[in-house]
Amino acid sequence: MSEILEIYNYWIYIVLMMVGFYGVIAKRNLIKQAIALGLFQTAIFLFYISMAVVDGGTAPIWVAEGVTKIPDPLAFPPAYDNPLPHVLMLTAIVVGVSILAVALAIIINIRRAYGTIEYDEIAKIEREMEVREAQEAAQ
Amino acid sequence: MSEVLLIDSVLLLLVAVTAIAVVEVRNLYAAAMLSGIYSLLMALVWVNMHSMDVAFTEAAVGGGISTILLIGTLVHTEREEARRPSRINWGALFVTAVTGAALVYGTLDMPRFGDPNAPIHKLRVPEMINQTVGMTSGASSKQPPPPGYQPRKNLELPLGHGQVFAMRRAQKANEARLDQQAAGHGGHGGVAATEHGETHEAGHDAAHAHPSDDFNGHVPNSVTSLLAAYRGYDTMFETAVIFSAGASLILLLRRRRRPGEKLPDQESANMADQVILRVMCKLFIPFILIFGLYVISHGEIGPGGGFQGGVILATAFILYALIFGRPELHRVVPERLTDVLAAVGVLLYSGVGVATMLLGGKFLDYAVLKPESPGEGGPLGMTLVEWGVGITVCTVMITIFNQLAEEESK
């Protein structure tokens, strides 16, 4: 039981990532795919943040007001969680929402052009257009 | 089993269930709301893992902004996924199952959760910690510490109390002397010498040996100091990425307005007629704004910074637009202003870098901003940089919202 709990976080992150992955490859709706991509992304964030945790560690803020003794950041075992993954994920979240926004903008434009956001229907329309163009070229 | 782990397990289980619901629910509005709930749960998990800055950002971005963006998009598209004969795509399920099994096999070799011996913690090399804590050793740019400088000793220094530090160091010096004397003479003489020597050493050290910049304790939040100093270039370009996202939204969706043409009144404008919404919104907005400004400007002291504060500020404006309508938001924050400010933020960030170069340092070497006490240059530079990030993030989020909510051109 305890062995499972020790890597439980990693399993949950795999579950989330695979749910997102399934959404991206199985769903035909473009908005659903954008949301699923977000799930995939968050799973990776979870993975990084889980790796940063240390037993008995606390938030990596070197000193709080009223604390006279600062735990040594270089001590072992570390008194603080590792701040580096936090920094990486912090910026990644905001970049992630920018990606989502650009994706949604493109989806809105696709909807204006094709009248649908289901990509198999878009593919069908495109095929029909190609056939029509080929016929026109042949004539 | 610790309570933290227990809370964690339950929360993570909820997160996983929500994720499956997000992907499987057919109504897209429901999927958008569920993804907001998913983000809030995730933010809780991260608070539990002591990652305050990330939790902040996720709550504001995932729970607030991306949900609004999704709903804003759904207004222009469809409410539901198309119906399909079979709901489960077996091929995709097989691929994900195989990939998942491979990853699970990989985790068996992972260090256990919270293991202090994990490689990631071993790589916390002292140089990195020293650099982020901002040891500038009195020089105008980052240099190796003087011989005999022991970071361990120096890091015990409380904020800005050079004298306490000096006394501690003197005490240690005396302990060493005491040992020497104990080896040479009797114990009694040694104690007297210690008491005498301590006062003398403390006064001397406080005056000369320990300039306040020797240890830069002014940036206690290591996340911010890593963000703005250790990974300063990365953060600058990430800000540029956000700026370019805003720019591409404008290019993709903004339509040219004839001069004098006004935004059409939208349905959301009617929400202002509801007293509860109107009053609560007006009550909340000042607090959200103050909190956002606080989070940006106190990023180097506590949890917070430009990214977090920027999104919090943006939510205040978006809330205003949701209740009173976008024409009203345009009256308060014109499109032209947000466009310009998004660029100003990036310019402020890179401008600080250029300024440090002109002052004779390296790009983004904050120590040169205050040559007389380089230790204080760090917090100053980081605050400026965080403001740059905050301005860009806030205005780009407002721009993105504006563009996604823009009426379809007929």
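Since the structure is predicted, the reported quantities are computational estimates derived from the model, not experimental observations.

A. Region of the structure containing the environment of A:P77. All names here are of chain A. Following the sequence through the fold, P77 ends up in the loop between α3 (30–52) and α4 (83–114). Judged by its relative accessible area of 48%, P77 falls in the partly exposed class. When the C-alpha atoms of P77 and V54 are compared, they prove to be 8.2 Å apart, with 23 residues separating the residues in sequence.

B. Quick peek at the pattern of salt bridges. Tallying each qualifying case throughout the model produces eight salt bridges over all chains. Among the salt bridges present, the one from A:D55 reaches B:R112, with a minimum N-O distance of 2.8 Å. Taken together, the positions of A:D55 in the loop between α3 and α4 and B:R112 in the loop between α4 (90–107) and α5 (119–122) put the pair across two chains. We note a salt bridge from B:R231 to B:D234, for which the minimum N-O separation is 2.7 Å. The class of B:R231 is buried, set by a relative accessible area of 14%. It is possible to trace a salt-bridge network through shared partners that takes in B:R254, B:E335 and B:D339.

C. Here's a closer look at the nonpolar core. A:L16, A:L46, B:W46, B:L69 and B:L404 are the most contacted members of the largest nonpolar core, which totals 107 residues. A per-element tally of this core places α4(A) first, with 12 residues. With residues near it in sequence (within four places) discarded, B:W46 still touches A:T42, A:F45, A:L46, A:I49, A:I93, B:S51, B:V54, B:A55 and B:E58.

D. Quick peek at unusual backbone geometry. Residue and element names in this part refer to chain B. Unusually for a residue other than glycine, H50 sits at a positive phi of about 65°. Position of H50 among the secondary structure elements: in the loop between α2 (28–48) and α3 (52–76). Looking at H50, the relative accessible area reads 23%, which means it is partly exposed.

E. View of the side chain of A:E118. Considering the arrangement of structural elements, one finds A:E118 in the loop between α4 and α5 (119–138). A polar contact of 2.9 Å, which involves the side chain of A:E118, links it to the side chain of A:N29. Apart from the residues within four sequence positions on either side, A:E118 is in contact with A:R28, A:N29, B:E80, B:E81, B:A82 and B:R84.

F. Expanded view of the state of the cysteines. Residue and element names in this part refer to chain B. Inspection of the entire model under this criterion finds zero disulfides over all chains. Of all cysteine sulfurs in the structure, the one in C394 sits closest to C281, which takes part in no disulfide; the separation is 15 Å. The buried category is assigned to C394, whose relative accessible area is 7%.

Thresholds applied
Residues numbered from 1 in each chain as written. Chains lettered and ligands numbered in written order. Predicted model: local features only at pLDDT ≥ 70, side-chain atom pairs only at ≥ 80, totals over all residues. Heavy atoms only, no water. Helix = DSSP H or I, 4+ residues; strand = E, 2+ residues; numbered from the N terminus. Buried < 20%, exposed > 50% of the residue type's maximum accessible area, 1.4 Å probe, protein only. Salt bridge = Lys/Arg side-chain N within 4 Å of Asp/Glu carboxyl O. Core = buried A, V, L, I, M, F, W, Y, C linked by side-chain atoms within 4.5 Å. Contact = heavy atoms within 4.5 Å. Polar contact = N/O pair within 3.5 Å; in protein donor to acceptor, adjacent residues only side chain to side chain. Disulfide = S-S within 2.5 Å.

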